[in-house]
Amino acid sequence: MNKREFMAAGASIAALTALGGITAGCTTTSGASGDPAARRQAIDSAVDSALSRLYREAKGSEEMVRSARGVLVFPNFVSAGFVVGGSHGQGAMRQGGKTSGYFRMTEASVGLLAGAQSQAVFILFMTQEVLNRFESSRGWTAGADGSVALLTVGADARVTTRTAQQPIVGFVLTNGGLMANLSLNGNRVTPLDL
């Protein structure tokens, strides 16, 4: 193994170790608590907070969430890496304002990346047909099993109607606000046994 291959392998191992450490330190994304009831409560509380923040920052988002057949919310989707990285988060499906299930979302990536960030991800299933397809799968991949149109927000931070008419739409909220020009394609969602 030459020096370049050794450095790349070391960076990859460091990235995966960092991701594990970051996700382990986050109460809503870790398996630190062995009590399923405590984990459900922590996830639900974080989902409530994330939704409240979304409603404050994007006018029209609350109406969209209410009209969706189901909404997946991942309040702390943590991405970390150095050249090779990954993302992980736990969240809940809300239907009619109530939690109907708990899920994990993961993503692996390779490319020019360094560092870590946490974001809230919201995936809205606007029709019963796309929600049924999601619910009948034991693992759903954005882009392959359903295309997620990320909502654009106008200059006045209001949801636009053009993207709001798609069958599956999403929001990504960081500490800096709503993100644009991002893709959720390749993110895998699987049920959590809680």
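Residues numbered from 1 in each chain as written. Predicted model: local features only at pLDDT ≥ 70, side-chain atom pairs only at ≥ 80, totals over all residues. Heavy atoms only, no water.

Participant: How should the overall build of the protein be read in this particular structure?
Facilitator: Check the secondary structure of the protein and you find five helices and seven strands. Reading the protein from its N terminus to its C terminus gives the helix and strand order α-α-α-β-β-α-β-β-α-β-β-β. With 194 residues in all, the protein has 41% of them scored as buried. For the protein, long-range pairs separated by at least 24 residues make up 68% of all intrachain contacts whose partners lie at least 6 apart in sequence. As displayed, the protein offers around 10100 Å² of accessible surface, 53% of which is attributable to carbon and sulfur atoms. (Helix = DSSP H or I, 4+ residues; strand = E, 2+ residues; numbered from the N terminus. Buried < 20%, exposed > 50% of the residue type's maximum accessible area, 1.4 Å probe, protein only. Contact = heavy atoms within 4.5 Å. Areas by Shrake-Rupley, 256 points an atom, 1.4 Å probe, with all protein chains shown as cover.)

Participant: Is there a simple way to explain the packing of aromatic side chains in this structure?
Facilitator: The geometry of two aromatic rings is summed up by the distance between their centres and the angle between their planes. Considering all chains together, one arrives at four aromatic pairs under this definition. Ring centres of Phe 125 and Phe 134 lie 5.0 Å apart, and the angle between their planes is 40°; on these two criteria the pair is classed as tilted. Each member of the pair Phe 125 and Phe 134 is classed as buried. Centroid distance Phe 134 to Trp 140: 5.6 Å. Interplanar angle 75°. Geometry classified as edge-to-face. What links up through ring pairs into an aromatic cluster is the set Phe 103, Phe 125, Phe 134 and Trp 140. (Phe/Tyr/Trp six-rings, centres within 6.5 Å; stacked < 30°, edge-to-face > 60°.)

Participant: In this structure, what is going on with the pattern of salt bridges? I would like to understand it.
Facilitator: If you walk through the whole model with that rule in mind, you get four salt bridges. Between Asp 44 and Arg 94 there is a salt bridge; the shortest N-O distance is 3.7 Å. One end of the pair, Asp 44, is in helix α2 (residues 36–57); the other, Arg 94, is in strand β1 (residues 70–95), and 50 residues separate them in sequence. As far as the burial class goes, Asp 44 and Arg 94 line up, both buried. The salt bridge partner of Arg 94 is Asp 48, with a shortest N-O separation of 2.9 Å. Of this pair, Arg 94 sits in strand β1 while Asp 48 sits in helix α2, and the two are 46 residues apart along the sequence. (Salt bridge = Lys/Arg side-chain N within 4 Å of Asp/Glu carboxyl O.)

Participant: What's the story with the pairing of strand β5 (residues 168–174) in this structure? I'm lost.
Facilitator: Each regular strand shows side chains that alternate between the opposite faces of the sheet. With seven of seven residues buried, β5 is to be regarded as a mostly interior element. Neither face of β5 is left uncovered, since the one carrying Ile 168, Gly 170, Val 172 and Thr 174 and the one carrying Val 169, Phe 171 and Leu 173 both have all their residues buried. Pairing analysis gives two bridges linking strand β4 (residues 149–150) to β5, with the strands arranged parallel. Bridge pairing in β5 places Leu 150 opposite Gly 170. (Pairing = 2+ DSSP bridges.)

Participant: Where do I start with helix α4 (residues 128–136) in this structure?
Facilitator: Within α4 the residues assigned to the buried category are Val 130, Leu 131 and Phe 134. Relative to the axis of α4, the buried residues are bounded by an arc of 100° and lie together on one face. Away from its buried face, by an angle of more than 90 degrees, α4 presents the exposed residues Glu 129 and Ser 136. (Arc of directions from axis to C-beta.)

Participant: Got a minute to help me understand α2 in this structure?
Facilitator: Given 3.6 residues per turn, any residue in an α-helix points the same way as the ones three and four places further on. With 22 residues, α2 extends 32 Å between its outermost C-alpha atoms, agreeing within 8% with the 32 Å of an ideal straight helix rising 1.5 Å per residue. Those residues of α2 that fall on the buried side of the exposure criterion are Arg 39, Ile 43, Asp 44, Ala 46, Val 47, Ala 50, Leu 51 and Leu 54. (Expected span 1.5 Å × (residues − 1).)

Participant: Can you help me understand the environment of Met 64 in this one?
Facilitator: Examined against the element boundaries, Met 64 turns out to sit in helix α3 (residues 61–67). C-alpha separation for the pair Met 64 and Leu 124, spaced 60 residues apart in sequence, amounts to 8.2 Å.

Participant: Would you take a moment to explain the confidence of the model for the protein for this structure?
Facilitator: Should the pLDDT be low somewhere, the predicted coordinates at that spot are not to be read in detail. With 65% of its residues at a pLDDT of 70 or more, the protein has an overall mean of 76. Mean pLDDT values over the elements of the protein span from 39, in helix α1 (residues 3–24), up to 95, in α2. A low-confidence stretch, residues 1–31 (pLDDT under 50), is modelled with 31 contacts involving residues beyond four sequence positions or located in other chains. (pLDDT = per-residue confidence, 0-100.)

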